[in-house]
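Architecture at a glance
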Amino acid sequence: MNSPAGSHPEHEDFPWTISVADHPPRSDSAQYIASRKLMRELVDTTDDWTFAPGPYQDHHGGGVWVKDDDGWICLFLPLGIEWSAQFCADPAKVDRVRRCAARVVGAFPDTLPGYASFGYDDGERLLTTAIKNADQVAEWTDSIFNASVPLPAGTHSGVLPKAAGYHHYPKPIVDIDHFRHDDFELFVTDEKGFSVAVVPVAPRGSGDGRVRVLAAHPSSSYAECLVTPPAAAAPRSAAGAEPEARAEEWKGAVLPPDDALARQAFRRQTG
């Protein structure tokens, strides 16, 4: 069949298995609780939200709510920082996102007073404070300027028979590549050369060398830990440990420090 004039066919030959169903275990920060409350109150004021109807979960998608003469609207910043990706985030790069958000909010002078009217008083402080360390990255990650996109559960973390990708890789993973530390390897390769995306499980400088698998080529043995963590799926460690002995370490798609992918991820890190 001939393609219509002005168009061309596209297809995907490089599928991925991606971990999207559950967040890694964590407790909600005070900032996240406040952001989620404000987000739900703001979306309830609108009657034209793209992802309606709720109930809504709070997606770390880099949204910024602004208020104009017609009410509240959620815009999207260039990058969204998933909670599990914050530990490889370069504060200087996250600060660029903060400065972008400050410019956007500055164009809508009713925004910050509007936040305050709902009891959220951190907006101005967050927008005017330079991000220089991991604690500030963590607060920004859980703030109304990042954890701020109201999505129904299915839209947030539902799994389809065939996933809808962001061109080729899912957007939350593409975004990580733009705010990670330059010396952290987001995309690493397994023993057969297949690509796997990983992030640290702990802040920089903690001494914790584990990584969490976020996505993997389906032909990679690491893809198995994203769907089920059976002992038979776990590759041997560098020390030659049997897969059965490593199955417990694979829970939550977390790889131990001696795993080849974990070593690749941190191989260039100097601090």
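What about the pattern of salt bridges?
Taken as a whole and judged by the stated rule, the model has 10 salt bridges. Between aspartate 182 and lysine 93 there is a salt bridge, and its shortest N-O distance comes to 2.4 Å. With aspartate 182 in the loop between α7 (171-179) and β6 (187-189) and lysine 93 in helix α2 (residues 91-106), the pair connects residues that are 89 residues apart, well separated along the chain. Judged by its relative accessible area of 12%, lysine 93 falls in the buried class. Two residues, arginine 125 and aspartate 122, come together in a salt bridge whose shortest N-O distance is 3.5 Å. Take aspartate 122: its relative accessible area is 24%, and that puts it in the partly exposed class. One salt-bridge network, held together by shared partners, links Asp95, Arg98 and Arg99.

Some words on the packing of aromatic side chains
Evaluation of the coordinates by the stated rule reveals 8 aromatic pairs. Here tryptophan 72 and tyrosine 115 contribute two aromatic rings whose centre-to-centre distance is 5.7 Å and whose plane-to-plane angle is 10°, an arrangement assigned as stacked. With tryptophan 72 in strand β4 (residues 71-76) and tyrosine 115 in helix α3 (residues 111-117), the pair connects residues that are 43 residues apart, well separated along the chain. Overall, tryptophan 72 belongs to the buried group, its relative accessible area being 10%. Seen from their ring centres, tryptophan 72 and phenylalanine 118 are 6.5 Å apart, and the 65° between their planes marks the pair as edge-to-face. One end of the pair, tryptophan 72, is in strand β4; the other, phenylalanine 118, is in the loop between α3 and α4 (123-128), and 46 residues separate them in sequence. An aromatic cluster is built from Trp72, Tyr115, Phe118, Tyr120, Trp140 and Phe145, whose rings are joined through pairwise contacts.

Focus: the pairing of strand β7 (residues 195-200)
By the criterion of burial, β7 is predominantly enclosed, with 6 of the 6 residues buried. Of the two faces of β7, the one holding Ser195, Ala197 and Val199 and the one holding Val196, Val198 and Pro200 are both buried throughout. With 3 bridges joining them, β6 and β7 adopt antiparallel strand pairing. Each residue of the ladder has a partner; that of threonine 189, found in β7, is serine 195.

Topic: helix α5 (residues 134-141)
Considered for burial, the residues of α5 that qualify are Val137, Trp140 and Thr141. Within α5, the buried residues cover an arc of 100° as seen down the axis, which keeps them to one side. Buried-residue contacts for α5 involve β2 (57-60), α2, α4 and β5 (147-151). Where α5 begins, the side chain of asparagine 133 points an oxygen toward the backbone nitrogen of aspartate 135, at a separation of 3.2 Å.

What about the nonpolar core?
Here is a general trend for soluble globular proteins: nonpolar side chains tend to be buried in one another's company. If you look at the biggest cluster of nonpolar residues, it comprises 57 residues, and the most contacted ones within it are Trp65, Tyr115, Trp140 and Phe145. With 5 residues, strand β8 (residues 211-216) is the single largest residue contributor to this core.

Brief notes about a negative patch on the surface
A grouping of Asp68, Asp69, Asp70 and Asp110 is seen on the molecular surface, where their side chains present a negatively charged patch. Within the element layout of this structure, aspartate 69 appears in the loop between β3 (63-68) and β4.

What about the layout of surface pockets?
Where empty space is left in the structure can be found by rolling a water-sized probe over the atoms. In this structure, the second largest pocket occupies an estimated 220 Å³ of space. In this structure, the second largest pocket is lined by 13 residues; those nearest its centre are Thr46, Asp48, Gly71, Trp72 and Ile73. Mapped onto the lining of the second largest pocket, the elements with two or more residues apiece are β3 and β4. Element by element, the count of residues in the lining of the second largest pocket is highest for β4, at 4 residues. By residue class, the composition of the lining of the second largest pocket is 5 nonpolar, 4 polar and 4 charged.

Some points on the environment of isoleucine 73
Its location among the elements puts isoleucine 73 in strand β4. Judged by its relative accessible area of 41%, isoleucine 73 falls in the partly exposed class. Residues isoleucine 73 and tryptophan 49, spaced 24 residues apart in sequence, show a C-alpha to C-alpha distance of 8.3 Å. Other than its neighbours up to four places away in sequence, isoleucine 73 contacts Val64, Trp65 and Val66.

Quick word on the environment of lysine 93
As for lysine 93 and histidine 178, which are separated by 85 residues in sequence, their C-alpha atoms are 7.7 Å apart. Among the polar contacts listed, one links the side chain of lysine 93 to the side chain of aspartate 182, at a separation of 2.4 Å.

Each value, and the rule that gives it
- Residues numbered from 1 in each chain as written.
- Predicted model: local features only at pLDDT ≥ 70, side-chain atom pairs only at ≥ 80, totals over all residues.
- Heavy atoms only, no water.
- Salt bridge = Lys/Arg side-chain N within 4 Å of Asp/Glu carboxyl O.
- Helix = DSSP H or I, 4+ residues; strand = E, 2+ residues; numbered from the N terminus.
- Buried < 20%, exposed > 50% of the residue type's maximum accessible area, 1.4 Å probe, protein only.
- Phe/Tyr/Trp six-rings, centres within 6.5 Å; stacked < 30°, edge-to-face > 60°.
- Pairing = 2+ DSSP bridges.
- Arc of directions from axis to C-beta.
- Contact = heavy atoms within 4.5 Å.
- Polar contact = N/O pair within 3.5 Å; in protein donor to acceptor, adjacent residues only side chain to side chain.
- Core = buried A, V, L, I, M, F, W, Y, C linked by side-chain atoms within 4.5 Å.
- Patch = residues over 30% accessible without salt bridge, like charges linked within 9 Å, V, L, I, M, F, W, Y side chains within 5 Å.
- Areas by Shrake-Rupley, 256 points an atom, 1.4 Å probe, with all protein chains shown as cover.
- Lys, Arg positive; Asp, Glu negative; His and termini not counted.
- Charge placed at Lys NZ, Arg CZ, Asp CG, Glu CD.
- 1 Å grid on protein atoms, 1.4 Å probe; cavity = no way out; pocket = protein on both sides within 12 Å on 5 of 7 lines; lining within 4 Å.
- Points joined across faces, edges and corners; volume = space filled by probe spheres on them.
- Nonpolar A, V, L, I, M, F, W, Y, C, P; charged D, E, K, R; others polar.

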